[in-house]
Amino acid sequence: MEKFVINGGRRLTGEVAVSGAKNAALAIIPATVLSQDICVIENLPTSISDISYIIKALEYIGADVKLINSSTLYIDARRVNLYTIPDSITTHLRASYYFIGALLGRFGRANVAMPGGCYLGPRPIDQHIKGFELLGAKVSAEDKATVDVRCDKMRGTGIYLDVVSVGATANIMLAAVRAQGTTVIEQAAKEPHIVDLANFLNSMGADVRGAGTDVIKIRGVEHMHGCNYSIIPDQIEAGTFMVAAAATRGDVLIKNVIPKHLEPITAKLVECGAAVDENDDSVRVRLDRRPGKCNIKTMPHPGFPTDMQPQMAVLLSLADGQSVISESIWTNRFRYTEQLMRMGADITVEGRTAIINGIEQLKGASVRADDLRAGAAMIIAGLAATGKTEISDILHIDRGYEDVVGKFGELGADIRRLYCPDGSAAKAL
Ligand code: EPZ
């Protein structure tokens with residue numbers, strides 16, 4: 001069992017480079033099975049555990065995967081010969097469900113155990129299934145443990161999503177690129193990683209148009225080929241550093257970003273009194289006084305991302321005044337507030353709303369990372385707090401953030417990873 005131990009109260013200053021986007025990579029890596037060819041993918045966050053597990057899944061079905069350097073993968077999907085992925089792999093991450101669409105596209109058949117991932121409330125996949133069925137597939141998920149999908153000939157059609165879903169939009173795209181005719185996804189998700197997936201598929205010879213708008217049109221193609229591709233920067237990792245800079249009243253240049261993707265986060269930080277300077281591929285965030293309050297409602301892109309909600313709650317816990325956060329994507333994404341309250345935060349949760357009365361200072365405490373972004377919030381809280389913070393269950397953080405100690409350490413944070421054999425006595429790694 002490992003922990004992060006943070007001695008807080010230091011301003012973050014300096015420069016940090018953001019890794020490639022986890023949630024883009026998690027759709028793009030399974031997409032490589034759509035070609036019987038070689039893909040080289042750059043700017044991947046290869047050291048996070050979600051990526052390790054998606055690679056394990058790819059190897060399980062027969063792909064040859066090699067790490068060319070710390071952020072580049074060579075994937076040869078020519079010998080992929082299985083359409084089954086067991087729960088020993090899928091249970092570790094949500095994105096294993098992208099193999100359903102990708103394998104359906106390659107073989108007309110997929111048998112994938114139900115995905116795991118962060119608990120944020122119920123995470124149904126009915127919209128994915130609706131999409132596959134409309135494409136002509138027979139889907140059976142009766143035992144609720146495995147999704148079995150088969151289709152001799154997928155036919156393009158209109159698919160109206162009842163909820164805006166990143167996963168369903170991506171999964172339907174993965175299958176529809178190989179359907180006969182044109183598929184039109186309406187009420188599609190518009191996240192940057194949906195656009196990145198579309199660009200990747202088009203680099204493999206697909207014909208996907210309109211990604212980044214509500215309507216995506218996919219004209220099926222008979223053949224897809226290999227390609228070289230570089231993944232977009234991680235919007236949420238960038239946002240996490242932006243909020244950490246503001247919460248520690250620091251001055252940080254965050255590099256390898258697409259500032260347009262960060263606009264909702266930038267807007268809220270500016271509302272809280274931070275200065276955010278945008279350059280071509282970097283943003284500089286500064287705050288030299290107590291943050292101001294602001295209200296946030298999470299929304300699908302281009303709204304404020306739910307995956308930045310816990311991190312912003314830390315900043316607002318330190319703000320001058322009362323802030324209200326409304327969570328409209330997930331039903332259970334405020335569990336971390338209990339941990340934050342152990343550090344002195346004044347938060348009342350009523351259903352999907354959190355009312356935060358800002359306090360002057362958080363105090364270090366022993367807290368838990370309930371999920372990936374909750375863990376990121378605990379890091380920011382520990383950095384901003386006085387005294388020592390110990391964060392347990394950091395396996396959740398390792399799912400999505402590369403080199404936490406190295407990156408925050410370079411910015412002047414006092415953060416260490418400790419090994420605790422019995423869960424308490426910490427030994428340096
Ligand atoms: C993706 O999850 C991300 N994960 C999540 O990030 C992120 O929080 C979420 O999108 C929203 O932005 C990955 O990309 C791997 P959804 P996903 O389908 O695709 C409902 C992180 O921290 N819904 O867009 O699973 C669902 O219950 C993770 O990096 C249905 O009702 O999310 C939710 O209320 C956590 N039926 C809403 O739609 C469905 O079939 C949005 O979910 C699918 C979804």
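Residues numbered from 1 in each chain as written. Predicted model: local features only at pLDDT ≥ 70, side-chain atom pairs only at ≥ 80, totals over all residues. Heavy atoms only, no water.

**Q** Explain the overall build of the protein chain to me, please; I cannot follow it from the model alone.
**A** Each helix and strand counted, the protein chain has 14 helices and 25 strands in total. Since a compact globule built from 429 residues should have a radius of gyration of about 22 Å, the 21 Å found for the protein chain is in line with a globular shape. Dimensions along the principal axes, computed over C-alpha positions, put the protein chain at roughly 65 × 45 × 40 Å. Residues classed as buried in the protein chain amount to 57% of the 429 residues present. (Helix = DSSP H or I, 4+ residues; strand = E, 2+ residues; numbered from the N terminus. Rg over C-alpha atoms; globule rule 2.2 N^0.38 Å. Buried < 20%, exposed > 50% of the residue type's maximum accessible area, 1.4 Å probe, protein only.)

**Q** Would you take a moment to explain the sheet that holds strand 12 (residues 207–209) for this structure?
**A** In a beta sheet, neighbouring strands pair by backbone hydrogen bonds and run either parallel or antiparallel. One open sheet holds the four strands; their spatial order is 10-11-13-12, and the pairing between them is mixed. Two strands lie at the open edges of the sheet, namely strand 10 (158–160) and strand 12, each paired on one side alone. Averaged over all pairs of adjacent strands, the angle between their axes in this sheet comes to 15°, without regard to strand direction. Two strands pair when backbone bridges link them, and strand 12 and strand 13 (residues 215–219) are joined in this way by three bridges, in the antiparallel orientation. In the sheet register, V208 faces strand 13, and the bridge partner there is I218. (Pairing = 2+ DSSP bridges. Axes fitted to C-alpha atoms, helices over the stretch in contact; angles between N-to-C directions.)

**Q** Mind showing me how you'd approach the nonpolar core here?
**A** The tendency in soluble globular proteins is for nonpolar side chains to be buried as a group. Core analysis: the biggest nonpolar cluster contains 79 residues, and L58, F99, M173, L197, F200, L201 and V208 have the highest contact counts within it. Setting aside residues up to four positions removed in sequence, F200 forms contacts with I28, A31, T32, C39, I41, C227 and Y229. Within the second largest apolar cluster, 74 residues are counted, among which are A247, V257, C272 and I356. (Core = buried A, V, L, I, M, F, W, Y, C linked by side-chain atoms within 4.5 Å. Contact = heavy atoms within 4.5 Å.)

**Q** Help me understand the site of the ligand, please; the structure alone is not making it clear to me.
**A** Around the ligand there are 23 residues in total, and Q127, S165, V166, D307 and I329 lie nearest to it. Side-chain polar atom of D307 to an oxygen atom of the ligand: 2.6 Å apart, as the coordinates give it. Protein coverage of the free-state accessible area of the ligand, which is 830 Å², stands at 89%. Secondary structure elements with two or more residues in the shell around the ligand: helix 1 (22–31), helix 5 (126–134), helix 6 (166–176) and helix 12 (372–384). For the shell around the ligand, the leading source of residues is helix 5, giving three residues. Across the shell around the ligand, the residue classes break down as 11 nonpolar, six polar and six charged. No fewer than three residues from each of domain 1 (2–18 + 233–428) and domain 2 (22–220) sit in the shell around the ligand. (Near = heavy atom within 4 Å. Polar contact = N/O pair within 3.5 Å; in protein donor to acceptor, adjacent residues only side chain to side chain. Areas by Shrake-Rupley, 256 points an atom, 1.4 Å probe, with all protein chains shown as cover. Nonpolar A, V, L, I, M, F, W, Y, C, P; charged D, E, K, R; others polar. Domains from an automatic or database assignment.)

**Q** Would you take a moment to explain unusual backbone geometry for this structure?
**A** For residues other than glycine, phi is negative in most cases, and the peptide bonds are mostly trans. Looking along the chain, the bond that leaves H301 and enters P302 is cis, with omega of 10°. Note that P302 resides in the loop between strand 18 (296–297) and helix 10 (309–317). Positive phi, normally seen in glycine, also occurs at R249, with a value near 55°. Counting through the fold element by element, R249 comes out in the loop between helix 8 (235–247) and strand 15 (251–255).

**Q** What is the right way to look at the sheet that holds strand 8 (residues 138–140) in this model?
**A** Strand order in the open sheet formed by four strands is 6-7-9-8, and the pairing between neighbours is mixed. Every interior strand has two partners, whereas the edge strands, strand 6 (84–85) and strand 8, have only one. Relative to strand 9 (residues 146–150), strand 7 (residues 109–113) is paired through five bridges, and the arrangement is antiparallel. By the bridge assignment for strand 9, V112 is matched with V147.

Without other data, these values stay purely geometric and don't point to any function.
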